[in-house]
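Chain by chain, the residues:
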Amino acid sequence: MAPTVQSFLRSFGTNLEEPVRQHLRNVYASVTMSTISAGAGAYVHMFTQWKSGGLLTVLASLGLILLLLSTPDTGKNRQLRLSYLLGFAFFSGMGMGPLLDMVVRVDPSIIVTALMATAVVFVSFSASAILAVRGSWLYLGGTLMTVLSSMLMLSMLNIFFQSYLLYQAHVYIGLLLMCAFVLYDTQLIMEKRRLGDKDFVAHSLDLFIDLIGIFRRLVIILMDKVGKSLKCAL
């Protein structure tokens, strides 16, 4: 473990160009703030009277992400765009409220376990992307988009078939897909910065979507396993 951490810090500190290094700091700081905002949104849904995890939450999330993507980065409007990002994260957290309500009824410790596992997975894959040979994971782009399209079709088919096996495949493949996206997006962000793109807010959006996708699927997997264990115990 120690040599891996040391090699990562050495690579981050010396092998990366200073502009890329600073850009990644801004990106990960924004991802951290987005995660806190999402946690606040989940808290509002679960522990206050304002339970809005539903259609309005989805519409608010879509509206904020459209505002963010349609507002070009000028360097002077980053606080505004960051507020769009944090708002999107907040409503994304609220949108996960109904799922977390179910988890609490099964076993509240699942949330803590999923959070810790998500942090480990996200940091590990991000570090792998940074330590890897430059651009070595960018070839995944076409494959990931193909798999994502296939999963959307699979999800639509399962609306009619209601197959538990298809549902399980969707969850597990989705988890692997989100992990691969962390590798791809991290290296893509680095290459974009080398080409002069300084929009760390939009870049952090990509990683935050990967992060919350990993968390959601880990929660579902853990809840399913605990549910099966309870059934066996009965």
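The name given to the chain in an unreviewed UniProt entry is Bax inhibitor 1, with the source organism recorded as Megalurothrips usitatus. Regarding the chain, the relevant UniProt record gives this comment under Sequence similarities (unreviewed entry): "Belongs to the BI1 family." In its Subcellular location (unreviewed entry) section, the UniProt entry covering the chain states "Membrane".

Asks: What is the right way to look at the nonpolar core in this model?
Replies: In a soluble, globular protein the nonpolar side chains are often hidden away together inside. The biggest cluster of nonpolar side chains holds 53 residues, and the ones touching the most others in it are Leu 24, Leu 144, Ile 214 and Phe 215. At the level of elements, α2 (18-47), α3 (55-70), α4 (78-95), α5 (97-106), α6 (109-131), α7 (140-161), α8 (164-194) and α9 (200-233) are the ones that each hand at least two residues to this core. Among the elements that make up this core, the one with the highest residue count is α9 (14 residues). For Ile 214, the contacting residues outside a window of four places in its chain are Thr 118, Val 121, Leu 175, Met 178, Cys 179 and Val 182.

Asks: Got a minute to help me understand the packing of aromatic side chains in this structure?
Replies: Between two aromatic rings, the relevant description is the distance of the centres plus the angle of the planes. Counted according to the given criterion, the structure contains 7 aromatic pairs. Measuring from centroid to centroid gives 6.4 Å for Tyr 28 and Phe 122, while their planes differ by 85 degrees, and the two rings are edge-to-face. Separated by 94 residues along the polypeptide, Tyr 28 in helix α2 and Phe 122 in helix α6 bring together distant segments of the chain. On the accessibility criterion, Phe 122 (8% relative accessible area) is buried. On the basis of an interplanar angle of 75 degrees and a centroid distance of 6.5 Å, the ring pair of Phe 181 and Tyr 184 is categorised as edge-to-face. Pair noted here: Phe 181 and Tyr 184 are both in helix α8, with a separation of 3 residues, about one helical turn.

Asks: Please clarify how α6 should be interpreted in this entry.
Replies: One turn of the α-helix equals 3.6 residues, which is why residues spaced by three or four share an orientation. For α6, with 23 residues, the first-to-last C-alpha span of 33 Å sits near the 33 Å given by 1.5 Å per residue. Every buried residue of α6 is accounted for by Ile 110, Ile 111, Ala 114, Thr 118, Phe 122, Ser 126, Ala 127, Ala 129 and Ile 130.

Asks: Is there a simple way to explain the side chain of Ser 30 in this structure?
Replies: Mapped onto the elements, Ser 30 comes out in helix α2. Looking at Ser 30, the relative accessible area reads 2%, which means it is buried. Here the side chain of Ser 30 touches Asn 26 through a polar contact of 2.9 Å, landing on its backbone oxygen. Not counting the four nearest positions on each side in its chain, Ser 30 is found in contact with Leu 82, Leu 85, Phe 200 and Ser 204.

Calculation rules
Residues numbered from 1 in each chain as written. Predicted model: local features only at pLDDT ≥ 70, side-chain atom pairs only at ≥ 80, totals over all residues. Heavy atoms only, no water. UniProt positions renumbered as here; feature names shortened; annotations may be inferred. Core = buried A, V, L, I, M, F, W, Y, C linked by side-chain atoms within 4.5 Å. Buried < 20%, exposed > 50% of the residue type's maximum accessible area, 1.4 Å probe, protein only. Helix = DSSP H or I, 4+ residues; strand = E, 2+ residues; numbered from the N terminus. Contact = heavy atoms within 4.5 Å. Phe/Tyr/Trp six-rings, centres within 6.5 Å; stacked < 30°, edge-to-face > 60°. Expected span 1.5 Å × (residues − 1). Polar contact = N/O pair within 3.5 Å; in protein donor to acceptor, adjacent residues only side chain to side chain.

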